[in-house]
6 protein chains.
Amino acid sequence: MKLLLVNPNLTQAVTDAVLAAARSRAAPGTELVAVTGRFGPAVIGSRAENALAQHGVLDLVAQHAPGCDAVVLGVSLDTALWACRELLDIPVVGMTEAGLLCGATVATRIGLLTNGARMGPLYRELVQSYDLGERLAGVETLTLTPQQMVGAPQEAQQAVLEAVLAGARTLVERDGAEAVLLAGAAMASMADALQPRLPVPLLDGVGCAVALAQALVGLRLPRARVGSVSPTGGRAVQGVSPALTALFGRSA
Amino acid sequence: MKLLLVNPNLTQAVTDAVLAAARSRAAPGTELVAVTGRFGPAVIGSRAENALAQHGVLDLVAQHAPGCDAVVLGVSLDTALWACRELLDIPVVGMTEAGLLCGATVATRIGLLTNGARMGPLYRELVQSYDLGERLAGVETLTLTPQQMVGAPQEAQQAVLEAVLAGARTLVERDGAEAVLLAGAAMASMADALQPRLPVPLLDGVGCAVALAQALVGLRLPRARVGSVSPTGGRAVQGVSPALTALFGRSA
Amino acid sequence: MKLLLVNPNLTQAVTDAVLAAARSRAAPGTELVAVTGRFGPAVIGSRAENALAQHGVLDLVAQHAPGCDAVVLGVSLDTALWACRELLDIPVVGMTEAGLLCGATVATRIGLLTNGARMGPLYRELVQSYDLGERLAGVETLTLTPQQMVGAPQEAQQAVLEAVLAGARTLVERDGAEAVLLAGAAMASMADALQPRLPVPLLDGVGCAVALAQALVGLRLPRARVGSVSPTGGRAVQGVSPALTALFGRSA
Amino acid sequence: MKLLLVNPNLTQAVTDAVLAAARSRAAPGTELVAVTGRFGPAVIGSRAENALAQHGVLDLVAQHAPGCDAVVLGVSLDTALWACRELLDIPVVGMTEAGLLCGATVATRIGLLTNGARMGPLYRELVQSYDLGERLAGVETLTLTPQQMVGAPQEAQQAVLEAVLAGARTLVERDGAEAVLLAGAAMASMADALQPRLPVPLLDGVGCAVALAQALVGLRLPRARVGSVSPTGGRAVQGVSPALTALFGRSA
Amino acid sequence: MKLLLVNPNLTQAVTDAVLAAARSRAAPGTELVAVTGRFGPAVIGSRAENALAQHGVLDLVAQHAPGCDAVVLGVSLDTALWACRELLDIPVVGMTEAGLLCGATVATRIGLLTNGARMGPLYRELVQSYDLGERLAGVETLTLTPQQMVGAPQEAQQAVLEAVLAGARTLVERDGAEAVLLAGAAMASMADALQPRLPVPLLDGVGCAVALAQALVGLRLPRARVGSVSPTGGRAVQGVSPALTALFGRSA
Amino acid sequence: MKLLLVNPNLTQAVTDAVLAAARSRAAPGTELVAVTGRFGPAVIGSRAENALAQHGVLDLVAQHAPGCDAVVLGVSLDTALWACRELLDIPVVGMTEAGLLCGATVATRIGLLTNGARMGPLYRELVQSYDLGERLAGVETLTLTPQQMVGAPQEAQQAVLEAVLAGARTLVERDGAEAVLLAGAAMASMADALQPRLPVPLLDGVGCAVALAQALVGLRLPRARVGSVSPTGGRAVQGVSPALTALFGRSA
């Protein structure tokens, strides 16, 4: 099985973190291909950057999805998730979506931890867009710098881990979270290290997405031929990459 | 990997249907153990029978879950699902829950088809208990007899299939369902036969539950040590089977 | 009028508390019959025990409801409430349900106080299952031992009362509760003692259930002949008490 | 026990219908006092008339509530219900509120039938204001004239009854209502005549309100001393009746 | 353009504050007419007073709306808003409604600040009656006296301003409000003075209502001829002012 | 006042329709600038095309918003609305958002009519993303071709108008819509022609957006300095237009 991991932002270190997290949960023999955005935001930290990154996600899947069995969006806002599902014939899973769906089998309510004070509302909106708002115990945001999140020197990493742990504990103690989802590709990679110190399951969205994508490949569900997720077929776009133009233009 | 399939009602033919559906979706090498209730309702067709069957589910998992890697509830009301999660240290998945969670990755709204006019509200309540009511396009109920559902002579099976197909199409056309979940162990087994004739994915809860259970085994999420799903530990019960008494009584 | 009070757990002291609370609110001349579970959990403190107790409730009403005018479930999770409504021809009222319905006439939002940290989510789920979640101001849980709740020596009772009062005040001050429902048969019996010290109405579920059951007897509403609450009629169950087998098996 | 029945519109025939319905459900020995508005709308058939009738309700309770044990609002929009609860020291119950609360013990979802095409949204809003919208199966409106509703000659009454029955059946068959609430004082009085011909309980709001008011009198819940329903105390109003001025002005 | 500003309570200082706030946001050349209630509550501080004030609002618009282009309700509970919309042929806007609708274009969630501890639930109910509850970040209430709110001597005004500012900041910091609506005619007039010291937009309901009313006048939307907001036409009322009797009585 | 009208798709005829609709509702003296996407989808008819168009909207506002007083998104999915609000210092209004907000002042529930069977769910999601789902009476979709919608020869236009009218009437009669929002830039331009034949207000999103944008300019609300809508400031993007790179990169 070949899985495509898509990171639409331009930071290779994030792609690396996604790939490492995916590898630790993929079934033996799974081939993993991780790709990084070619244009758009360096890091997604606002709705504006997320809006821009939607083009980036489409551009990446147009080029790299052919030949893969499933796609995992390695971006915690699940950017362009349903758009990809319209365009592609293979399962597509978002990392936050997957964390919520898998988490729903171990916890009645899930806390979501992310970085960046202004990001809290965006994750609330994302969870509500999945109609899963009632399963959300709460959202907690940290204020770490991008440098702290990705590529901190080893001596600084422990402080970052402690901050993440403290945030997760807040969700458990203040909000009654029965599991905690680490939203953010970099943060998700800390799950294994922190799990022993937290009394509830820590959900790593990448790992959940890989496991769920593999499950969906096994289910062999066909595509809908009607409805809002069915193939669009034969749509005209201009001024974008040839691969994306072709993907939009192919017949349904 | 060894999966326990639990059918709390007393009808062996339903257990057989669950086992067959599970086998068609389980990963190669998976060992499947399917067990049938020892007391309780012949068929679950009301809240009263479902209430009674909760004891039956607990009784079965107390006896058969040891040594298994995960449990799949092969009863479409997901009877005693969260109760099992409190008592057992392995993943437990309900077939309707799994159908909804897997279906959420291919459809924005899911239709649910079941048998028995009085059962519609029960499935609505079940879906709402998962806080997934907004993802439910609608519920359609058929009025087939138990004999038609399980063990119809071959010449009568086609009429049953047509009735199920008509119900599924109603969900697509009237309610805008983008996938249809066949709720009911017997009905779920018709998914493969009917899929080619329906324009949206047909979700077989057993298959989804097997796939999801396997994904969860791979994720190796620990149990919560706090909260409503954490092990109860050391609880006293009387007048039930020794295995169930022991399961309640073991320390957390 | 003859009311059946059902306590499905095995603790006689809880039955006694329910009976005492019922007596203080029943109309003059009401005959009260209080029964205790014959098998199942000593105390209900988890979903697993509540699942098991559903059988116990059905077993008790099958044996004792004949000849009564209404049933009050003296268990604060309202165990098997709608199942009983399917099986019986007389009004059935749950104590938490009744507390919420009566409370809705004196408070826009109600706080719910119960014992046991892990029980909070179960009561939230219960209230939401009644679609009354918006009327819930909040849930507060105490961490008293069963021994403290039932049968504490007199010198220890005052500390328990103070803890309950503090919890109720938290609901008023932190959550804006305009009434407080004491969930738990033992706790409900403290309402009269604490009311003078709380600035909002204290709802004793047993008292509310008795009052509401009597009101329903007076209304003489017929049973539905269609829909999910109508009599099931002629259902086969095995391996349970003769009375319960007969109750399931009688014609609609 | 003495109950005040308040009809804020100016139509004595409606008051008479409310009184008759109340009498058929009141406990033996209950004294019933029914009063009619002194100013305001002849009939309430719009939000504007309902807005005006709020003054009328307050005016009536200011004059007539003293000496009573509880108040029943005999107006199906439950006009000024919570306002009365702020002002009065005795239980106040609205007829539609009571129909919903009592109905919630016999039906998972309730249909509401009323007269006047433009009234449907008002009842939806009312039910939602009680946060009971999820229990509402649907709303059906008839288009009978006021003359048909109240005071039709005997030969015309049967046609009215048939129209009401047809509306109720629509709620059962189309919307899955498990009980039907007749909203409207005149319509409520038809419940006894129509019940034998409907397969689900018919809820007469006046009867439910009388039963619930009596239950609340028995519960002896104190008034809140804090919060939005607590006595306002010492409020200045001008240009209204002396009784109402006094009611607003009395100390808390 | 001529706008009618309606203050149904009897406090001229509130009318003056509404008029001043309106003037600062009205387009050049707008004629503003501000009227004060002739009977009813001195100040609206409870549901009972708000119920009474509905008559007052209707009385004022019956007399003063003729010849105006739009009506702004200068009362922060938007008293009788939809009733006015049924009766009048010109746009009617409530100040809290307008604050929420305009605020929805600058903030994902809005905090609401008002005065009077018991008023919090009333504003929650009002926002929910608009189905905008999900946009409400939270409600904060102050406990200033009417004297402090209106007509405080200059040396005391600063303390009032500081209290309002502190309340607004609580909504931002505790509840994540991205804008703050000052609910209450007197409080709204403090928006300009406080805005520089708050990091999110301060919404003055009167200003928003004036701007929105002017926008609606420009849109020239016709009245509905069917549905719950269409003209009632030819309704009989008694015992109220001739102007109001005529307004109810005119043909649709 | 200078308003920017943004059409991110590549069809000039749509831009022309938006401009015409805007002109008919803009205040005298308003300068209108209408711009068309430079890359992306010819027409937006799926989530995939809408995802791509987000880049297009950002690109257009980066180039054209400087010097304008407000932006109106002339695309009925309100593409990149909140992203623009983060990036720009002037009011930004979406046409469907504006139709809903203005419509909320004349109708309790609004029907939404659009073209393309697969588009219904997208508009539902959009309305729910504004937390206005409860105000939505229903969604109706037509199946007209793009050629019919834009640029039909005159003899064919009448058939299109009749189809739109029939769809609008369905929303009124089937769903109880009290106003109908024409979603789609081309469809919106038909509002004036159809209004006389529909018994409820027809909402043209462009006209509403222009009116609302002008109201917001008059309100002079400051930008938030904290929260998810505050300026991002100093963000790095690559591979996009210089204007957009500069817009992201400017300091907060």
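Definitions and limits used
Residues numbered from 1 in each chain as written. Chains lettered and ligands numbered in written order. Predicted model: local features only at pLDDT ≥ 70, side-chain atom pairs only at ≥ 80, totals over all residues. Heavy atoms only, no water. Least-squares fit on C-alpha atoms with pLDDT ≥ 70 in both. Contact = heavy atoms within 4.5 Å. Buried area = accessible area lost by both parts, 1.4 Å probe. Salt bridge = Lys/Arg side-chain N within 4 Å of Asp/Glu carboxyl O. Polar contact = N/O pair within 3.5 Å; in protein donor to acceptor, adjacent residues only side chain to side chain. Helix = DSSP H or I, 4+ residues; strand = E, 2+ residues; numbered from the N terminus. 1 Å grid on protein atoms, 1.4 Å probe; cavity = no way out; pocket = protein on both sides within 12 Å on 5 of 7 lines; lining within 4 Å. Points joined across faces, edges and corners; volume = space filled by probe spheres on them. Nonpolar A, V, L, I, M, F, W, Y, C, P; charged D, E, K, R; others polar. Buried < 20%, exposed > 50% of the residue type's maximum accessible area, 1.4 Å probe, protein only. Pairing = 2+ DSSP bridges. Right-handed = clockwise from strand over helix to strand, strands pointing away. Axes fitted to C-alpha atoms, helices over the stretch in contact; angles between N-to-C directions.

Novice: For this particular structure, what's the right way to read the relation of the copies chain A and chain B?
Specialist: In this arrangement, two copies of a chain are superimposed by a rotation about an axis accompanied by a shift along the axis. Once chain A is rotated about the relating axis by 180° and shifted along it by 0.0 Å, it coincides with chain B to within an RMSD of 0.0 Å. When the rotation and shift are considered jointly, the pair of chain copies conforms to a two-fold rotation axis.

Novice: How do you make sense of the interface of chain A and chain B when you look at a structure like this?
Specialist: Listed by partner, the interface residues are 45 residues for chain A and 45 residues for chain B. Where chain A abuts chain B, roughly 3600 Å² becomes buried across the two surfaces, and 64% of that area is made up of carbon and sulfur atoms. Taken together, chain A and chain B are joined by 0 salt bridges. Where chain A packs against chain B, one counts 10 residue pairs in polar contact (both at pLDDT 80 or more). Per-element tally for the side of chain A that touches chain B: the top contributor is helix α10 (residues 205-219) of chain A, with 8 residues.

Novice: Which parts of the structure should I look at to understand empty space enclosed by the protein?
Specialist: Per the stated rule, a full pass over the model turns up 3 cavities of 30 Å³ or more. Approximately 60 Å³ is the volume found for the largest cavity. Around the largest cavity, the lining residues are E86, L87, R223, P231, T232, G233, L247, F248, R250, S251 and A252 of chain A. Taken together, the elements giving at least two residues each to the lining of the largest cavity come down to α3 (81-87) and α11 (242-249) of chain A. The computed volume of the second largest cavity comes to approximately 40 Å³. Around the second largest cavity sit L100, A104, I110, V127, L132, R135 and L136 of chain C, which together line it. Its residues assigned to classes, the lining of the second largest cavity shows 6 nonpolar, no polar and 1 charged.

Novice: When you look at the pairing of strand β1 (residues 2-7) of chain D in this model, what are you seeing that I'm missing?
Specialist: The side chains of a regular strand alternate between the sheet's two faces. Residue and element names in this part refer to chain D. Counting buried positions along β1 yields 5 of 6 residues, so the element is predominantly enclosed. Inspection of the sheet shows β1 paired to strand β2 (residues 31-36) by 6 bridges, in the parallel sense. The residue of β2 that forms the bridge with L5 is A34. In this fold, β1 hands off to helix α1 (residues 12-25), which returns the chain to β2; that crossover is right-handed.

Novice: I'm lost on the pattern of salt bridges in this one. Help?
Specialist: Two side chains that carry opposite charge are able to pair once their charged atoms sit near each other. Using the criterion set out here, one finds 72 salt bridges over all chains in the structure. Ionic pairing is found between D59 of chain A and R38 of chain A, a salt bridge with its closest N-O pair at 2.8 Å. Of the two residues, D59 of chain A is situated in helix α2 (residues 47-64) and R38 of chain A in the loop between β2 (31-36) and β3 (40-41); the sequence distance between them amounts to 21 residues. Residue R38 of chain A is classed as partly exposed on the basis of its relative accessible area of 49%. In this structure, E86 of chain A engages R118 of chain F in a salt bridge whose closest nitrogen and oxygen atoms are separated by 3.8 Å. Here E86 of chain A is found in helix α3, whereas its partner R118 of chain F is found in the loop between β6 (110-115) and α5 (120-129) on a different chain. Beyond isolated ion pairs, a larger network of salt bridges with shared partners links R47, R118 and E125 of chain A together with E86 of chain F.

Novice: I keep staring at the relation of the copies chain A and chain C and nothing clicks. Help me out?
Specialist: Of the transformation placing chain A onto chain C, the axial shift is 0.0 Å and the rotation is 120°, giving an RMSD of 0.0 Å. The two molecules are tied by a three-fold rotation axis, judged by turn and shift. Within chain A, the C-alpha atom positioned nearest to the axis of rotation is that of E134 of chain A, 7.1 Å from it.

Novice: Could you clarify how one ought to interpret the arrangement of the chains in this entry?
Specialist: For chain A and chain D, which are not in contact, the least C-alpha distance works out to 15 Å. If you take every C-alpha in chain B and every C-alpha in chain E, the smallest gap between them is 15 Å, and the two do not touch.

Novice: What is the right way to look at the interface of chain A and chain C in this model?
Specialist: By convention, interface size is frequently given as the accessible area that disappears when the constituent parts associate. Across the boundary between the two partners, chain A contributes 4 residues, which contact 5 residues of chain C. Where chain A meets chain C, there are 0 salt bridges. Inspection of the region where chain A meets chain C yields 0 residue pairs in polar contact (both at pLDDT 80 or more). For the side of chain A that touches chain C, the per-class residue count stands at no nonpolar, 1 polar and 3 charged.

Novice: When you look at the sheet that holds strand β4 (residues 70-73) of chain F in this model, what are you seeing that I'm missing?
Specialist: Across a sheet, paired strands are connected by hydrogen bonds in the backbone, their directions being either parallel or antiparallel. Residues and elements named next belong to chain F. The 4 strands are arranged β2-β1-β4-β5 in an open sheet whose pairing can be described as parallel. At either end of the open sheet lies a strand with only one pairing partner, and these are β2 (31-36) and β5 (92-94). Strand-to-strand twist of the sheet, defined as the mean angle between neighbouring strand axes without regard to direction, takes the value 20°. Two strands pair when backbone bridges link them, and strand β1 (residues 2-7) and β4 are joined in this way by 4 bridges, in the parallel orientation. Directly across from L3, in β4, lies its bridge partner A70. Across the sheet, helix α2 (residues 47-64) touches β1, β2 and β4, and the angle it forms with β1 is around 155°.

Novice: Just to check I follow, could you spell out the sheet that holds strand β1 (residues 2-7) of chain B for this structure?
Specialist: All names here are of chain B. Reading across from one edge, β2-β1-β4-β5 is the order of the 4 strands in this open sheet, with parallel pairing throughout. The sheet terminates laterally at β2 (31-36) and β5 (92-94), the two strands that pair on one side only. When the angles between neighbouring strand axes are averaged without regard to direction, this sheet yields 20°. Strand contacts of helix α1 (residues 12-25): β1 and β2, with the helix running at about 165° to β2, the strand carrying the most contacts. Sitting on the sheet, helix α2 (residues 47-64) is in contact with β1, β2 and β4 (70-73), with an inclination near 155° to β1.

Novice: Can you walk me through the environment of N9 of chain B in this structure?
Specialist: Residues and elements named next belong to chain B. Residue position: N9 is located in the loop between β1 and α1. A residue is classified by how much of its surface remains accessible, and N9, at 8% relative accessible area, is buried. In this structure, the C-alpha to C-alpha distance between N9 and R109, residues 100 residues apart in sequence, is 30 Å. Dropping the residues within four chain positions of it, N9 is found in contact with V14, T36, G37, P41, A42, V43 and I44. A distance of 3.1 Å separates a polar side-chain atom of N9 from the backbone nitrogen of T11.

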